[in-house]
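# Chain and residue survey
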Amino acid sequence: MLRLTRVVLIWLNRLNWLGAALALAGVLLLLIPPTAVETQLANRFPDPATGRLAIAAVFGIVVLVAPCVHAIFTRLTALIGTAINGRPFVPENVGHLRTIGWALLAIQLLDLALGGVAGFVDRTTGIAFGWSPSLTGWLAVLLVFVLARVFATGAEMQDEVEATV
Amino acid sequence: MAVRITLDEVLYQRRLTLTDLADRVGITLANLSNLKTGKARAIRFTTLDAICRALDCQPGDILAFDPTTPQTPDD
C-alpha cells in the first residue's frame, strides 16, 4: 500500500503542475484583453474588466497553490520512502512534516484570499462563487505540526535504541 | 562519557577474542565492538548478564567510572 501511495503521489504532483500551467495560461489570457474573452464576460459581469481581474485572481491563486502542493507531495513521498525502509523515525522526517505543515498553512491563507475574491464577485455581480471556510484544513495544519513533534520524540527514542547494546 | 568499558582487559585475561565472546553471548560482533569502543550509549541488563556469564566475571570487572572525564550534553 505504501508503494502504491508513493506512485499515486508522484502522478498527482504531475497533475498539480499541469493544472498550474493551465491556470497560468488562463491568467495570461485574461490579463491580455482579447475581445472574445471580454464579450463572454460582458454576458456575466456588469463590468467585464473587473470580472476579468476576478477570474485572473482565482487562476493566480491556483498557480500560487501549486508549489505548496508540490512541497506536500514530495515531502510525503520521502516520508513514505523511509517507512518502506523500516526506519521512519529519523530527524529528516521531522523537517518534512514541518514543511508540510507550513505548506498547508500557506494553502489555508490562499483559501482565505480565494474567499475574498468570492466575496468581491458576489457583492459586485451577485454571482455566488460557492466558497466556504475550511475548518478541516486549519485542523490539518495543527495536526501535522503535532505529528512533527511526535516524530521528533520518536527519532530521539530510535537513536537511543540503536545506541543500546 | 565517564563510564568506560574495560572489556579488553577481561578478554585478555580469559584469552578470548571479541569474536569468541560474540559467539558465546549471541550478540553481533558489530554491537560488541560498539560497546568496547565506547560508541554504545546504553547497555541492557540482559546483555550485561550474558557477558558476565560468558566471561565468569562481575559487572564491575568490565565497567569503570572515571570522574575526571567531563560530562557531555548527551549524558
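Residues numbered from 1 in each chain as written. Chains lettered and ligands numbered in written order. Predicted model: local features only at pLDDT ≥ 70, side-chain atom pairs only at ≥ 80, totals over all residues. Heavy atoms only, no water.

Another aspect to go through is the packing of aromatic side chains. Residue and element names in this part refer to chain A. Tallied over the entire structure, the rule returns two aromatic pairs over all chains. Judged by centre distance (5.0 Å) and plane angle (40°), the rings of phenylalanine 89 and phenylalanine 151 are tilted. Highlighted residues: phenylalanine 89 in the loop between α3 (48-84) and α4 (91-125) and phenylalanine 151 in helix α5 (residues 135-162), separated in sequence by 62 residues. The class for phenylalanine 89 is partly exposed, based on a relative accessible area of 31%. With 5.2 Å between their ring centres and 75° between their planes, tryptophan 102 and phenylalanine 145 make a pair best called edge-to-face. One end of the pair, tryptophan 102, is in helix α4; the other, phenylalanine 145, is in helix α5, and 43 residues separate them in sequence. (Phe/Tyr/Trp six-rings, centres within 6.5 Å; stacked < 30°, edge-to-face > 60°. Helix = DSSP H or I, 4+ residues; strand = E, 2+ residues; numbered from the N terminus. Buried < 20%, exposed > 50% of the residue type's maximum accessible area, 1.4 Å probe, protein only.)

What follows covers unusual backbone geometry. Residue and element names in this part refer to chain B. With a phi angle near 60°, arginine 15 is a residue other than glycine that sits in the positive phi range. Mapped onto the secondary structure, arginine 15 falls in the loop between α1 (7-14) and α2 (18-25). Arginine 15 gets classed as exposed once you look at its relative accessible area, which sits at 63%.

On to the pattern of salt bridges, then. Residue and element names in this part refer to chain B. This model, assessed by the stated rule, comprises five salt bridges over all chains. Salt-bridge contacts for lysine 36 lead to aspartate 8; the nearest nitrogen and oxygen are separated by 3.3 Å. Linking lysine 36 in helix α3 (residues 29-36) with aspartate 8 in helix α1, this pair joins segments that are 28 residues apart in sequence. Given the relative accessible area of 27%, lysine 36 is considered partly exposed. By relative accessible area, aspartate 8 is classed as partly exposed at 43%. (Salt bridge = Lys/Arg side-chain N within 4 Å of Asp/Glu carboxyl O.)

Further remarks concern the confidence of the model for chain B. In this model, chain B carries an average pLDDT of 89, and 95% of its residues clear a pLDDT of 70 or more. Per-residue pLDDT, averaged within each element of chain B, yields its smallest value for strand β1 (residues 3-5) of chain B (89) and its largest for helix α4 (residues 45-55) of chain B (94). (pLDDT = per-residue confidence, 0-100.)

This next bit is on the packing of α3 of chain A against α4 of chain A. Residue and element names in this part refer to chain A. Close contact between α3 and α4 brings their axes to 9 Å; oriented N to C, the two are set at 165°. Classified by the angle between their axes, α3 and α4 sit roughly antiparallel to one another. Of the two elements, α3 crosses α4, and the hand of that crossing is left-handed. Taken together, the residues of the contact of α3 with α4 sort by class into 25 nonpolar, five polar and one charged. (Axes fitted to C-alpha atoms, helices over the stretch in contact; angles between N-to-C directions. Parallel < 35°, antiparallel > 145°, perpendicular 65-115°, else oblique. Left-handed = near helix turned anticlockwise from the far one by under 90°. Nonpolar A, V, L, I, M, F, W, Y, C, P; charged D, E, K, R; others polar.)

It is worth spelling out the interface of chain A and chain B at this point. At the interface, six residues of chain A touch nine residues of chain B. Carbon and sulfur atoms supply 49% of the area that chain A and chain B bury against each other, a total of about 710 Å² over both sides. For the pair chain A and chain B, the interface holds two salt bridges. Note that arginine 41 of chain B and aspartate 159 of chain A form a salt bridge whose closest N and O atoms lie 2.7 Å from each other. For the pair chain A and chain B, the interface holds six residue pairs in polar contact (both at pLDDT 80 or more). Classifying every residue of the side of chain A that touches chain B gives three nonpolar, one polar and two charged. (Contact = heavy atoms within 4.5 Å. Buried area = accessible area lost by both parts, 1.4 Å probe. Polar contact = N/O pair within 3.5 Å; in protein donor to acceptor, adjacent residues only side chain to side chain.)

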